[in-house]
Structure formats: C-alpha cells, structure tokens
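Geometric and topological summary
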Amino acid sequence: MTFSATEAGVTELWQKLAARIAAGDRFAGLFAAVRPRHSSDAGAQTALVLSAQVAAGGGIDTMEVALPPGAASYPALTPLVGAAFWYERVIHDQFGLVPRGHPRLAPLVLHGSPEDHALPRHVAGYGMFTIPHGPVRSGVMESIEYLVETPGEAIPHLNMRVFYKHRGIEQRFEGMTAADGVLLAERAEGIATVAHTLAYCHAIERIAGCVPPESAGLVRVLHAELERIANHVDVAARLADASGLAVAAARFAVHKERVLRLVSGLCGSRFGRGAVVPGGVSALPRISPDALLSELGRLEKAVMADADSLMATSSFLDRLRTTGPLSPARAREHGALGPIGKASGFSDDARVERPYDAYPSLGMLPGRAHEAGDALVRLAVRWDEVAASFHLLRQVADELAGLDASPGPTAAACEPIGGRAVGWAEAPQGEVLYDVTLADGRISRCHPRSASFHNLVLMHEVFAGDILTDFPFIEASFGLSVAGVAL
Amino acid sequence: MSLWVLRGLRGGVVTTRWPKRPDGYADGWRGPATVHDPYPAGTAGLGELCPTGAISITGQPGAVRLDQGRCILCGRCVDSRPDVFAWSAGTTGPGAAALTRGGLVVPEVTETDAAVEAVRARLFARTVALRRSVHVRHVDAGSDGSEEWEVLALLGPVYDVHRLGVFFTASPRHADILLVTGAGAAGMAGPLRATYEAMPDPRVVIAAGTDAVSGGLLRESDVTTGGVSASVPVDVWVPGSPPSPFGILNALLIAVGRLGSNRKGTR
C-alpha cells in the first residue's frame, strides 16, 4: 500500500495511470478530497486533491495530484480509462468540478434539478420509447430507477439513476471517532456489513499499527464467509423466482434464513453487526465450535444439494445461458470485481491476492476458470464461492476448537491518533475499499468504495441481444446493493 | 419439475406458528436498549454513551430517558453501564411497536393513557375493514439494504405472511399499508409522497426500523429528512437496526388491530 503525490499536472498523472493499467494493474477507484497542499504544513494551505486507486501486486496504491487553487475543471480521465466514467460524475456532483472531455456529465449520486428528471433519449428511431422502471419498484426492492429504451423487445440502451437513495455516508463519517465510524461502516451497505466493517477496520488498524489477535482473525473470517453464503443463496433465490421455480425460490429462502439465524446465534445480529471492532472482534462466538461444525455440515448438505438440482433444471438453465454476457476483454479493461469479474475470466480476489486476517493461514479452494461471462456462469461462480466458503468455515471451526480454554482478549488495543491508510476486504459483491484519514483521533475524511458502485455501471453494456424479460435475470445475476452505490 | 415437487415435500413444514403459538426465535431476539427501573443514582456521562443521542437526562426523579426510536442496538450503553441499561427482550408482542413517536421513549412519560387510547381508537376505526386481508406496498426511502432482506423474509416459507392474509402488492392503488424503510433520503421524499397519495383510504403507514423512525446515524445529514415522518404521516413506529422479520410482522398485525400495542400500559 503506497501513497504517491505528483507535483506534475493532471494529464501526466493520467498518462502514468493509463500506462500502469495497460501493464496489468487494475483501476480501483477515483475520488476527490480537500487536503493540505503539502503534508508538512498540515491544514495551513488546502487544495482539492484527486486520488486514483490502483490495485497492484499485494496492495492498493494511491496516486494523487493537487489541483491549482481555484481550479474549476481538469482534463477528464474517462477518455483514457473508461472505468472512471461514474467516478468523475461523483466528483462533479460533490465539488462542481468539471472533468473536461467527459462523455456524459449528468448527476449520479446527488439529486439534480427537475430538468434532470426528464426522460433522456439516447437512441432515436421509429417506435422507440422509454420505460421508466423505478424508483419505487415492483416487489420488495431497493430504490433505483432504470430507464429502459426499447422498441418493444430488444434493449438498445439502458440508463440508471441511482441518486434517489443517496444518504451522505461519506460526509457523515467526518468528525466521528474511529470507534463510532465502525457503526456507520456497518450501515453503508447492509447486506455486506461484515466486509465493509473489515475494510474500515483494516484501514484503522494500519493507522494505529495494531495487529488483531489470532482468534479475532478466525472470527472475522467466520462472519465474512457466512455473509458470502447468505448473499449468494439470496441471488439464487431471486434467479429461481424470476424463472418461476417457486419451490426452488422457497427452498433457497429457507437456507438463507438458516444462515442469518446462525449468524444471529453467533453474535446477536443477523447481519454480523457489532461483531467486528477496530483491533479485533467484540467477542468469541456464542456457539461452541462443535455445534457450529455440525450446523455447518447440515447447512452445506442442504444448500449444495439444492444448488446441484437447480443447475440441472433445464427450464432454468435455458433462461440464464447466454443472457447478459460481459466479454473478458471488457471485464479486464473495467477491472470488474467479484463474481462478475470471475465469470468473465478476470479474477482479483482480495482474499487471495491481498490476504488479510486469518485467510493467509487457511487453505482456499481454487475456483474454476470461466470465460463466457453470462448470467449462468455468474451463478456457477457463486456456487464455487459457496463451496469454498464452507471449506474455509470448516477450517475456522476446527481452529476455534483448538484455541486454549482462555484465549485472552479478542481485540488488541487500537487507539489511532492521526494518519492515513487504505483498507480492503472481499465482499460477496467483490472488493470493498476504505481510504481513511484521521486527525486527533477523529475521521477527517473517509472514502468508502463498494464493489456495487464499481460493478453496477457494467449493466449498461450487457444487454446485447437480450430482451425485456431477461432484465430480472441480469439484475439478479449481478447481485449488487443500491445502498452501496449511492452512498 | 417433478424433482422440485419432491424436494419441496422433503423438508417438512418450516413455517412458524406465531402469533398463535409462541416462537422460540422470536422470543429470544434482542430488542432495543431499555432503562432499568429503578436504577442507581449517578447520571453523569450517560448522555455521551449513545452515538445517536438516544439517551437524555431530564433533571427529574427517574431522570434517564432512552428513545428507542433512535437506538441502533450497538450496545454501548448496556456494555458500559449495565446497572442502568439493559436489552429489552424480544421484538414481538404489544411492547415492540408504538402508535405514537413519543411512545418509543422509555421509561414512558410523555403521553397520558387517554391520549394513546384515542390514537388507537382512531387507527382501529380506519382499519376495521382491513383486518382479515391486507395488501402492503413497500417503499425503500434510503435504507442500507438489510431492511429489504428482512421484509423479503416475510414472503419466504419460514414467516409466510400469506397464511395471515397479508399480501404484498406492486400497485399502491391496491395497497392498504405503506411499509417504509430507510432514513428518508431527500431523493425519495417525492416518490414516497406520490406512492402514499396514490393509495386509497383507509391507509396506514408503518415506519420500519430505527432509520425510518428517526434517521438513526443519518439523523443530522443534510441529504436525509431524518426519518420518513417528514414525508408521510406515520401510524406505527418500529425500532430496530434492522428490525427483525418478527418485529415487522408484529407491526403489520398491530397496524390492523389484530394485536394490541400496549406502549404506555393501556392494554
């Protein structure tokens, strides 16, 4: 993990960045913040700083450039690195800073003026119309608006408005203590509570220079992998529901409930809230390792048996095969995260590439290589991950059983004063990044970057030849949370 | 297909019998924090324990008040002052949801029994025709996503709200109950209001979760309205971060008068 500031101009930085991406590094994010112009004279002279995050080797590198005072615009990165498309729109929303040469600078996370609510038309032609789907969706869903431009069946263009449920999480972090910040990280993207909390805590622990005890690392993996299973089973239930397999949908709903009940039995919250704290975990699991192991065994048998049946139901497979394909070239170029990237042959799993907590000491099942990148392969990747999660969980339960009767504290003292660090964790949706800056024990800037934000923009591109009835399959196969997009 | 029929039969009945029979999982659930009665003297520093400002000191005897509508169940107060604070048990039963915002403050003070009874009578007069079959429209007004999972769980086999005559509907025109989650994101204020106005009378609004009740941690954010009551008139208030499926089900039944809410001890 490195931070590098450049005194040269923005264009030079973008060229350096594009060269690194061309050489195989992954673009991981871009954001702006008001920071001291020079790290030496803290606070005396501030500047708007652009920070680009790049995943390389064993860490996340941050490349920065300070804009000249009073700058109202800068040369856009998007023409060079397409994955910056949404990131630069957020910067424009937050600071009014104009990226010159950006292809479409519409509001993304901030609720715009009424004119922004007019239905945009990108495709002209006889019989073309726009279906505004959302923000109040049919069914129990998070609020997002899809604008589907269609002549009736095909979907030549899709537009997304995510600003409806923007909650100002990033701004709310400012001024919080490191210990309070964890409560907000838990609620940034509720279905990935543990992953967000881990990424946040890793950043805090790097600043404080503290190392969580071994037992805490195990409990963290325990919660993170149970969260992954719950999310992937939830996706399976939604896909089964979309294809009209009522029994399959019901059975996966039962399995998911069972996982959430196991989590609540372990820590008191169905989403693992309160379990992870800076420096470690709040307590050891309330369920004995033996009882945990036997429940995991029953759960694995039930989930995998239904998964096998689902992947052998031809009416289901027909709906998913070749639906919503993402090409390997685009996945690599964008740096697609999590199961979406893996399904298109691009895997950069933080648990493997930049391991944390107990992952380095546990054996991971390797996933199968995939290329097709359609909804079916995305589901196959999820089942591989579920199998790998159960494999990890069994090891964790064994290790927990081997701990001493009184293993000592479950959290190391962690009282950071000041500094800056990046933390990461692999959520069920993909890699989550937290860039945290502390001053006098309080957060002066915290930038969360969810996998949902990075991946959702890819939905623009996967409708090649797919029609309206494929929409629910494609949306479910992405398995993202809007809360994590419109932070 | 026949494969799935057999699979479906294999698991047996997993559906809870609640509210007819007690359910161990519902009863064992942790509710929001509450205040011991009586608690020992010494209230210095209690207000600073809570990250959402739910704890206040009134200066009267029995001076500590805890607003469960702001409690995000982090447990800071219970961990550091177990002599004053405790977890309330369960998220079902008459005490788990309130018919007035003030009813979520413990120990109860702000309203008289008669006032709460009047609120209840007005609500029940509206909902008397709905009791055996109600249609619910859910709207996310800026949730963190976990609330949707808990609402969705109600439609699964374990909670199965259909057995109680509760159905979720896509159209607000068919809806009797508006179930709102989330802290009241400014962007959702208009769509939420439009959904409410599209519903026919009588209509009932449930604020599900601490975020919907008060905004929770996002209460003071300038891109949220700090709870959904700024956009729609709330009838039933449910704490929890997120509220458990049983807690939401409990509130749905309270809303149509099939379970009482005895906040303020009037029932």
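Here, every reference points to the structure presented above.
Residues numbered from 1 in each chain as written. Chains lettered and ligands numbered in written order. Predicted model: local features only at pLDDT ≥ 70, side-chain atom pairs only at ≥ 80, totals over all residues. Heavy atoms only, no water.

Right, let's talk about the nonpolar core for a bit. Judged by nonpolar contacts, the single largest core of 101 residues is most densely connected at A:Phe173, A:Tyr200, A:Leu226, A:Leu310, A:Trp383, A:Tyr434 and A:Val436. Here the element with the most residues in this core is helix H6 (residues 214-242) of chain A; it accounts for 15 residues. Sequence-distant contacts of A:Leu310, that is, excluding residues within four places in its chain, are made with A:Ala236, A:Ala240, A:Leu245, A:Ala248, A:Phe252, A:Phe316, A:Leu317, A:Leu379, A:Trp383 and B:Trp4. (Core = buried A, V, L, I, M, F, W, Y, C linked by side-chain atoms within 4.5 Å. Buried < 20%, exposed > 50% of the residue type's maximum accessible area, 1.4 Å probe, protein only. Helix = DSSP H or I, 4+ residues; strand = E, 2+ residues; numbered from the N terminus. Contact = heavy atoms within 4.5 Å.)

The subject of this paragraph is unusual backbone geometry. Residue and element names in this part refer to chain B. With an omega of 10°, the peptide bond between Trp18 and Pro19 qualifies as cis. For Pro19, the position within the fold is in the loop between helix H1 (2-10) and helix H2 (24-27). With an omega dihedral of -15°, the bond running from Val106 to Pro107 counts as a cis peptide bond. In this structure, Pro107 sits in the loop between strand E5 (105-106) and helix H4 (113-127). Despite not being glycine, Asp160 shows a phi value in the positive range, around 40°. With respect to the helices, strands and loops of the structure, Asp160 is situated in the loop between helix H5 (146-153) and strand E7 (166-168). Given the relative accessible area of 21%, Asp160 is considered partly exposed.

The next thing to look at is the side chain of A:Thr193. Residue and element names in this part refer to chain A. Positionally, Thr193 belongs in helix H5 (residues 193-208). Taking the relative accessible area as the measure of exposure, Thr193 reaches 0% and is therefore buried. Setting aside anything within four residues of it in sequence, one finds Thr193 in contact with Glu186, Glu227, Phe271, Gly272 and Arg273.

Residue and element names in this part refer to chain A. Pairing is mixed in the open sheet, where four strands are placed in the order E1-E4-E3-E2. Among the strands making up the open sheet, the edge pair consists of strand E1 (2-6) and strand E2 (26-36). Ignoring which end each strand starts from, the neighbouring axes of this sheet average 25° apart. Of the strands in this sheet, E1, E2, strand E3 (46-56) and strand E4 (59-66) are in contact with helix H1 (residues 10-22), which crosses E4 at around 160°. The strands touched by helix H2 (residues 85-95) within the sheet are E2 and E3, with E2 carrying the most contacts at an inclination of about 15°. (Pairing = 2+ DSSP bridges. Axes fitted to C-alpha atoms, helices over the stretch in contact; angles between N-to-C directions.)

With that settled, the discussion passes to the pattern of salt bridges. One pass over the structure, following the stated rule, counts 48 salt bridges over all chains. A:Arg420 is the partner of A:Glu64 in a salt bridge, and the nearest nitrogen-oxygen pair spans 2.9 Å. In this pair, A:Glu64 is assigned in strand E4 and A:Arg420 in strand E12 (residues 419-427), connecting sequence segments 356 residues apart. On the basis of relative accessibility, which here comes to 9%, the residue A:Glu64 falls in the buried class. The partner of B:Arg101 in a salt bridge is B:Asp67, with the nearest N and O atoms 2.8 Å apart. Note that B:Arg101 is positioned in the loop between strand E4 (85-89) and E5 and B:Asp67 in strand E3 (residues 64-67), a separation of 34 residues in sequence. Relative accessible area serves as the criterion here: at 23%, B:Arg101 is assigned to the partly exposed category. For B:Asp67, a relative accessible area of 11% translates into the label buried. (Salt bridge = Lys/Arg side-chain N within 4 Å of Asp/Glu carboxyl O.)

Quick look at the environment of A:Ala275 now. Residue and element names in this part refer to chain A. Tracing the backbone through its elements, the reader meets Ala275 in the loop between helix H7 (246-267) and strand E10 (276-277). Judged by relative accessible area, Ala275 falls into the buried class, the value being 4%. In this structure the C-alpha to C-alpha distance between Ala275 and Val432, which are 157 residues apart in sequence, comes to 18 Å.

Further remarks concern the side chain of B:Asp23. Within the secondary structure layout, B:Asp23 lies in the loop between H1 and H2. Of the side chains with opposite charge, A:Arg261 comes closest to the buried, unpaired B:Asp23, at an N-O distance of 4.9 Å. There is a polar contact of 2.6 Å between the side chain of B:Asp23 and the side chain of B:Thr16. Of the polar contacts made by the side chain of B:Asp23, one reaches the backbone nitrogen of B:Tyr25; its length is 2.9 Å. Leave out the neighbours within four places in its chain, and B:Asp23 touches B:Thr16, B:Trp18 and B:Phe246. (Lys, Arg positive; Asp, Glu negative; His and termini not counted. Polar contact = N/O pair within 3.5 Å; in protein donor to acceptor, adjacent residues only side chain to side chain.)

Here we take up the interface of chain A and chain B. Counting from both sides, the interface comprises 55 residues of chain A and, opposite them, 51 residues of chain B. Summed over both partners, the interface of chain A with chain B buries about 4500 Å², with 62% contributed by carbon and sulfur atoms. Joining chain A to chain B, the criterion identifies five salt bridges. Here B:Arg7 makes a salt bridge to A:Asp306, at a shortest N to O gap of 2.9 Å. Summed over the shared surface of chain A and chain B, the number is 25 residue pairs in polar contact (both at pLDDT 80 or more). For the side of chain A that touches chain B, the secondary structure elements donating two or more residues are helix H3 (169-173), helix H4 (178-186), H6, H7 and helix H8 (289-310) of chain A. Of the residues forming the side of chain A that touches chain B, the biggest block, eleven residues, is contributed by H7(A). Across the side of chain A that touches chain B, the residue classes break down as 23 nonpolar, 14 polar and 18 charged. (Buried area = accessible area lost by both parts, 1.4 Å probe. Nonpolar A, V, L, I, M, F, W, Y, C, P; charged D, E, K, R; others polar.)

Residue and element names in this part refer to chain A. Strand order in the open sheet formed by three strands is E7-E8-E9, with antiparallel pairing between adjacent strands. The open sheet has two free edges, formed respectively by strand E7 (129-133) and strand E9 (157-161), since each of these has just one partner strand. The average angle at which neighbouring strand axes cross in this sheet is 20°, direction not considered. When strand E8 (residues 145-150) meets E9, the two strands line up antiparallel, connected through five bridges. Bridge pairing in E9 places Leu147 opposite Asn159.

By themselves, these figures tell us nothing about what the structure is for.
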